[in-house]
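Structural characterization, general
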Amino acid sequence: MTVAIEKPGEAEAAVPAAPAKGARKVGRPMMIGAILVVWLVLFALLRGKQTLSLAAADLTDLHRWINDFNDSIGADRNSNPLFLYFFNEIRLVIDNLVTFIQHLISQPPGARPVPQVGWLGVVAIAGYVSWAVGNWRVALLAVTGFTFFGLQGLWQESMDTLALTLSAVFVALLFAIPLGVWAGLSDRFNRIMTPFLDFMQTMPTFVYLAPLTLFFLIGGASATIATVIYAAPPTIRITAHAIRNVSKTTVEAADSLGATRRQSLLKVLLPMSRRTVVMGVNQTIMAALAMVTIAALINAPGLGANVIQALQSLDVGTAFNAGLAIVVMAIVLDRVTTAAGTREEYARRSENNLAKWRRPLLGAGAVVTAVLVYLSHTYLWAADFPGDGTIGGHIASAADTATNWAQDNLSGLTNTIRDIITDGLLNPFQTLLTDSPWWLVGAVLVALGVVFGGWKAGVTTAVCVGLLVGTGVWSDGMTTLASTLVATVLVMVLGIVFGVWMGRSMLVDRLIRPTLDAAQVMPPFVYLVPFLALFGATRFTAIVAAIVYAAPVTMKIIADGIRAVPETTVEAAASAGCTTWQIITKVQLPMSRGALTLATNQGLIYVLSMVVVGGLVGAGALGYDVVAGFSQGELYGKGLAAGCAIVLLGVMFDRITQAAARRASA
Amino acid sequence: MARHWRAGAAGLAVLGLTLTACGGAKVGDSSSGSKSTGSSGKCGTFNLAVNPWVGYEADAAVVAYVAEHRLGCKVDKKNLKEEIAWQGFGTGEVDAVLENWGHDDLKKKYITQQKTAAEAGETGNKGIIGWYVPPWLAKAHPDILQWKNLNKYASKFKTSESGGKGQLLDGDPSYVTNDAALVKNLKLDFKVVYAGSETALIQAFRTAEKNKQWVIGYFYEPQWFLSEVPLKKVTLPEYTSGCDAVAEKVACDYPVYDLDKIVSSKFAESGSPAYKLVKNFNWTNEDQNTVAKYIAQDKLSDEAAAKKWVDANKVKVDAWLN
């Protein structure tokens, strides 16, 4: 889940908050306290009644109906004109695109034993393109990164992954940028799009993977489409956001000069929002890479397949090696696109010395690249990566050693931590949520929604609660909710500690950031195996996994927020004799309240996106329902319902926290 | 203009250097390329589903190896979950599934109703499902292997997840389990906790054996992990035909599954030699465990593991081909 990681500053500027109502004389903490007290009292009275619990193998009528519906689609696949003339055509086009790119860089086409462009050519192109759109530093990074794939012994797998990622990103952008522009220009379209985007990003992929292969068959097309569904929303959202944020006066100036709608779009809006749009593209690429392991479940070739296969025999080292390649690819693509986004400013600043050399150098670079590509097309030594990937072997055994050490030496400590948090925080909270009557929990959620986010958020919450009951997995939903909230609290604690540290020191930021990037793109299952050894198959393991994935985002957002606090204010506080602790707690944190709320929002959403992964390691509840629905036909309907429940929880929290963020920054 | 000349000259110099520096084999030279011996005229492409567990991987490795090297097929292995593999029968993308565990619902849907799939006989493997404990525990408390004694030890199996009862660790979600009903109907003081994946189960047993922890959970054989840690099966009330007819009332052990092979109807009628190979393919749990061990513990590639076993078992392999 890579929802728009918007800079806190932008969020603050987004929508003016509703003016504070006069009625809010009673403080908000008081109201929250009152709600909680009422809840506890009623819980004590009504415990265990109307909890809507449903055993793991039980189904509701809705679940059965979905099963039947799913079967009926499958049964007439070969006669249905929708399949024959619509889905099949889409599949053909996308399949051809994927196959074309694969034949270029990863799979041998026809009679040739190797792809059209060998490793030397690919490395040269990567370096040249990075340099042309970015700068020489990212070019160097790209060359090093791509060579590293070869040294790891994963050249072909990496290229398979790259080919799929490129096709998915290409298809995603083809739709996402026009849709984003439209959503940016039209408020109405934006309102229609938003729920769809929420759905695409929070619905667990496991739910629609099987139907996708029914529609688009097994192969490149399905893998690409699954990736597109998940990866397109960030670009749509961020493009819309960027178009919306181009200053009104500029647009008006263009209008008054007689620019047509088309002209003002092409010459004013798009160029002025270019930088932000590139950030959206960047997020789309990251999201596409996050799908690599899941796509491997429907036979997508590449690094994901290595990860999955290695983990069948719990071979952490090999899985880590492949996971590392994914991380390296993500970091290279991230830095290159970021550099591309900021290139113009960068180039303007260094106008005098390098700029005049740029064009001839670009020409020369193109010639050299062409030669290298030709070589890699013609000669075997430049086509097949030399060596047998011994470095990969070393990485794998180092990872194994580290894992074993941790398992041998830390498990006592980790078990204590687990038991403290489970008994002290998780179990009581979960009992409160699952053993209260459903209407009580629903009412509490709506009331909290109103208090935090206002009436509109309260209405959304009420709708979500109603639909949650309708899915038939209310009780599982509450179990998941408990773990999710506990995980989010821990994420926020970590986020504040590290975010403040990073925000106050650029050096710390630079040191920590690559680790954060790695934590976000490393396929979770790689680190889940050692976690399972340390914490067992428990809800706490799922919480730890969610923290690893979600904490980096909150840290980054909070660090940005801290940095945005004006220097002068901090200096004034320091000269007034404040201690560092006082500066942090009285100045920097309160002044970055907007960032903190946004971080909570993103932290929650990211934690929710790990619910399914959590289901694989002992979290049970909704995550397990989804996984089981993917594996057993009879549970398909329940899995889909559980997926919807996750979406509903996500939408509910998103609306409440966003409304709260708007208030906080007002 | 001078700039352009310089750049051009630099480019040419690099070009010249690289061209003179390189020689070596060209792509497509006959010496480098061709690998398979005979052309695959008769067999063509054989689409083999590979479901995600090591035992299956062992089956697929051996069948693919024989199909490629003895029959000259072009084998396209597809990594798929069971449901999706079965779906592939209808769309013509999967020819064979080599190790099917029961799945009566899928059989009904694809064999009886859609008629896109057909059975192709047993693999010879016996699938056993049940409750297992780590070997140290079976040794220290031998009576634990009888279900009647489980309540005696229930408190030992308590964890942070089991809410005061003993924990019964369930849950690779791929298989049907009756465990919740079993616990209830056998009046055991246990709670079923869903681990959620095979990885989680294996790791739990591995840690339990190493640290002498109390773990009881759902497991199955043939499974490569049993050659690393030979888990012991707990005896449940004996299975009798029909005792598992009503899911909520199950109070007996799981049946022994005769694992079988499923092929697409088209493939069965194609007359491909690969179909004959699939139909004749038959081996024992021991055979599969051997190959699975090569893959999972000795870390051989699929191809190498298959070759090692095939070379040592010529007679069996020849029997599949006749």
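Residues numbered from 1 in each chain as written. Chains lettered and ligands numbered in written order. Predicted model: local features only at pLDDT ≥ 70, side-chain atom pairs only at ≥ 80, totals over all residues.

Details of the overall build of chain B
- Helices and strands together make up the secondary structure of chain B, namely 14 helices and 9 strands.
- Per-residue burial over chain B gives 47% buried out of 322 residues.
- Considering only contacts in chain B between residues 6 or more positions apart, those separated by 24 or more positions represent 74%. (Helix = DSSP H or I, 4+ residues; strand = E, 2+ residues; numbered from the N terminus. Buried ≥ 20, exposed ≤ 12 C-beta atoms within 10 Å, placed from the backbone. Contact = placed C-beta atoms within 7 Å.)

Re the overall build of chain A
- For chain A, the helix and strand inventory stands at 31 helices and 0 strands.
- The C-alpha atoms of chain A give a radius of gyration of 26 Å, which matches the 26 Å a tight globule of 666 residues would have.
- Along the longest, intermediate and shortest principal axes, the C-alpha atoms of chain A span 80 × 65 × 60 Å.
- Per-residue burial for chain A yields a buried fraction of 53% across its 666 residues.
- Taking contacts inside chain A between residues at least 6 apart in sequence as the whole, the part at least 24 apart equals 81%. (Rg over C-alpha atoms; globule rule 2.2 N^0.38 Å.)

What about the packing of helix 23 (residues 506–521) of chain A against helix 25 (residues 539–564) of chain A?
All names here are of chain A.
- The N-to-C vectors of helix 23 and helix 25 enclose an angle of 145°; their axes lie 8 Å apart at closest approach. Remark: the crossing between helix 23 and helix 25 carries left-handed chirality. Residues Asp 509, Leu 516, Ala 519 and Gln 520 of helix 23 lie in contact with helix 25, whose contacting residues are Val 548, Tyr 549, Pro 552, Met 555, Lys 556 and Ala 559.
- Residue classes in the contact of helix 23 with helix 25 are distributed as 7 nonpolar, 1 polar and 2 charged. (Axes fitted to C-alpha atoms, helices over the stretch in contact; angles between N-to-C directions. Left-handed = near helix turned anticlockwise from the far one by under 90°. Nonpolar A, V, L, I, M, F, W, Y, C, P; charged D, E, K, R; others polar.)

Here we look at the interface of chain B and chain A
- The interface of chain B with chain A comprises 57 residues on the first partner and 63 residues on the second.
- Those elements giving two or more residues to the side of chain B that touches chain A turn out to be helix 1 (2–21), strand 2 (74–79), helix 3 (82–91), helix 4 (104–113), strand 6 (190–194), helix 8 (198–211) and helix 12 (285–296) of chain B.
- Looking at the side of chain B that touches chain A element by element, the count peaks at 8 residues for helix 1 of chain B.
- Of the residues assigned to the side of chain B that touches chain A, the class counts are 27 nonpolar, 21 polar and 9 charged.

Some points on the confidence of the model for chain B
Residue and element names in this part refer to chain B.
- Overall, the predicted model of chain B reaches an average pLDDT of 83, with 88% of residues at or above 70.
- Every residue in residues 31–40 scores below 50 in pLDDT, and together they form 11 contacts with partners more than four places removed in sequence or on other chains.
- Here the predicted complex scores 0.85 on pTM and 0.80 on ipTM. (pLDDT = per-residue confidence, 0-100.)

Focus on the environment of Thr99(A)
All names here are of chain A.
- Note on placement: Thr 99 falls in helix 4 (residues 81–105).
- Take Thr 99: there are 17 C-beta atoms within 10 Å of it, and that puts it in the partly exposed class.
- For Thr 99 and Asn 299, which are 200 residues apart along the polypeptide, the C-alpha to C-alpha distance reads 14 Å.

Things to note about the pairing of strand 7 (residues 216–221) of chain B
Residues and elements named next belong to chain B.
- Judged by how many residues are buried, strand 7 sits mostly within the fold: 6 of 6 residues are covered.
- Across 5 bridges, the pairing between strand 4 (residues 117–133) and strand 7 is antiparallel. In the strand pairing of strand 7, Ile 128 is matched with Glu 221.
- As paired strands, strand 5 (residues 166–170) and strand 7 are joined by 2 bridges and run parallel to one another. What sits directly across from Leu 168, in strand 7, is Ile 216. (Pairing = 2+ DSSP bridges.)

So, the pairing of strand 4 of chain B
Residue and element names in this part refer to chain B.
- Strand direction decides the pairing type here: strand 4 and strand 9 (residues 257–264), joined by 6 bridges, are antiparallel. Bridged to Glu 122 within strand 9 is Asp 260.
- Direction of pairing for strand 4 relative to strand 8 (residues 232–234): antiparallel, over a ladder of 3 bridges. In the strand pairing of strand 8, Val 133 is matched with Lys 232.

Examining the environment of Gly643(A)
Residues and elements named next belong to chain A.
- As for its position among the elements, Gly 643 is in helix 31 (residues 636–665).
- Assessed through the 27 C-beta atoms surrounding it within 10 Å, Gly 643 is described here as buried.
- Expressed as a C-alpha distance, the spacing of Gly 643 and Asp 625, which sit 18 residues apart in the sequence, is 8.3 Å.
- Excluding residues that lie within four positions of it along the chain, Gly 643 makes contacts with Met 203, Pro 204, Val 207 and Val 626.

Quick word on helix 2 (residues 54–71) of chain B
Residues and elements named next belong to chain B.
- Taking 1.5 Å as the rise per residue, helix 2 with 18 residues should run 26 Å; its terminal C-alpha atoms sit 24 Å apart, in good agreement.
- The buried count for helix 2 comes to 15 of 18 residues, which makes it a mostly enclosed element.
- Remark: Gly 72 follows helix 2 within two positions and exhibits a positive phi of approximately 70°. (Expected span 1.5 Å × (residues − 1).)

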